[in-house]
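Below, each chain spelled out in residue letters.
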Amino acid sequence: MIVVSVLLVIGIATRFIFIIDGQSVLPNFTAIGAIALFGANYLKGSLRFILPFAVLWLSDLVLNNVVYKSYYESIQFYGSPWVYLSFALAILIGIYLMRKPTWSRLIGAAILSGLAFYLVTNFAVWMNPSSPYAKNAGGLLLCYEAALPFFRNTLLGNLFYSFVLFGAYEYFAQHYVALRTSRQLSTV
């Protein structure tokens, strides 16, 4: 349970660490994607899904009702369902790609889950009736183009936090037998 508690704190903290004067200076540079991959590799059963969604939901509650409250007319109890869907895909990507966990598969999973987040959430932005993008292929491409800086931050966040989380866990698993699993990362 200590690992889950630490991941919960890290995940929530990384959603707030780069917010200055109500604006994120590094939007999407969070640990949630890495936590989804970590959970897919090391956690069992429904906890694989519960942990990343708990991080997302708890941080959404604070972000939407405190930091970004001026954007909403009433209390927000959750964020975009498209964001939640994209993290469900990240978990599934992690489960599938990390069946034989290696560092190279982790890199692939971090990139692929970042790509899934980018494609799903920006498609949702484009589909939104109040979106400024034309409802045609050109509008969709403009929407994806405008989101490239966010995509870069998502990829960098996924890669950075994946290496930190997996690396720290692997280090501690070498020193504490209780943390060892059959899912340790290999270099092959």
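Data block above holds the structure.
Residues numbered from 1 in each chain as written. Predicted model: local features only at pLDDT ≥ 70, side-chain atom pairs only at ≥ 80, totals over all residues. Heavy atoms only, no water.

S.K.: Please provide a residue-by-residue account of unusual backbone geometry, values included.
M.R.: Its identity as a non-glycine residue notwithstanding, Asp21 has a phi of 50 degrees, on the positive side. Looking at where Asp21 falls in the secondary structure, it is placed in the loop between strand S1 (19-20) and strand S2 (23-24). Positive phi is not limited to glycine here, since Asn28 has a value of about 75 degrees. Structurally, Asn28 is set in the loop between S2 and helix H2 (32-42). (Helix = DSSP H or I, 4+ residues; strand = E, 2+ residues; numbered from the N terminus.)

S.K.: So, the layout of surface pockets: which residues are in play, and what are the values?
M.R.: Here the largest pocket defines a volume of roughly 1,400 Å³. Taken together, 46 residues form the lining of the largest pocket, with Arg15, Asn28, Val83, Phe117 and Phe150 sitting closest to its centre. Looking at the lining of the largest pocket, the elements with two or more residues in it are helix H1 (2-16), S2, H2, helix H3 (47-67), helix H4 (81-97), helix H5 (103-127), helix H6 (137-146) and helix H7 (148-175). Of the residues belonging to the lining of the largest pocket, the class tally is 26 nonpolar, 18 polar and two charged. Estimated volume of the second largest pocket: approximately 250 Å³. Around the second largest pocket, the lining residues are Ile2, Val3, Val6, Leu7, Ile10, Phe38, Val164, Leu165, Ala168, Tyr169, Phe172 and Leu179. Looking at the lining of the second largest pocket, the elements with two or more residues in it are H1 and H7. Residue classes in the lining of the second largest pocket are distributed as 12 nonpolar, no polar and no charged. (1 Å grid on protein atoms, 1.4 Å probe; cavity = no way out; pocket = protein on both sides within 12 Å on 5 of 7 lines; lining within 4 Å. Points joined across faces, edges and corners; volume = space filled by probe spheres on them. Nonpolar A, V, L, I, M, F, W, Y, C, P; charged D, E, K, R; others polar.)

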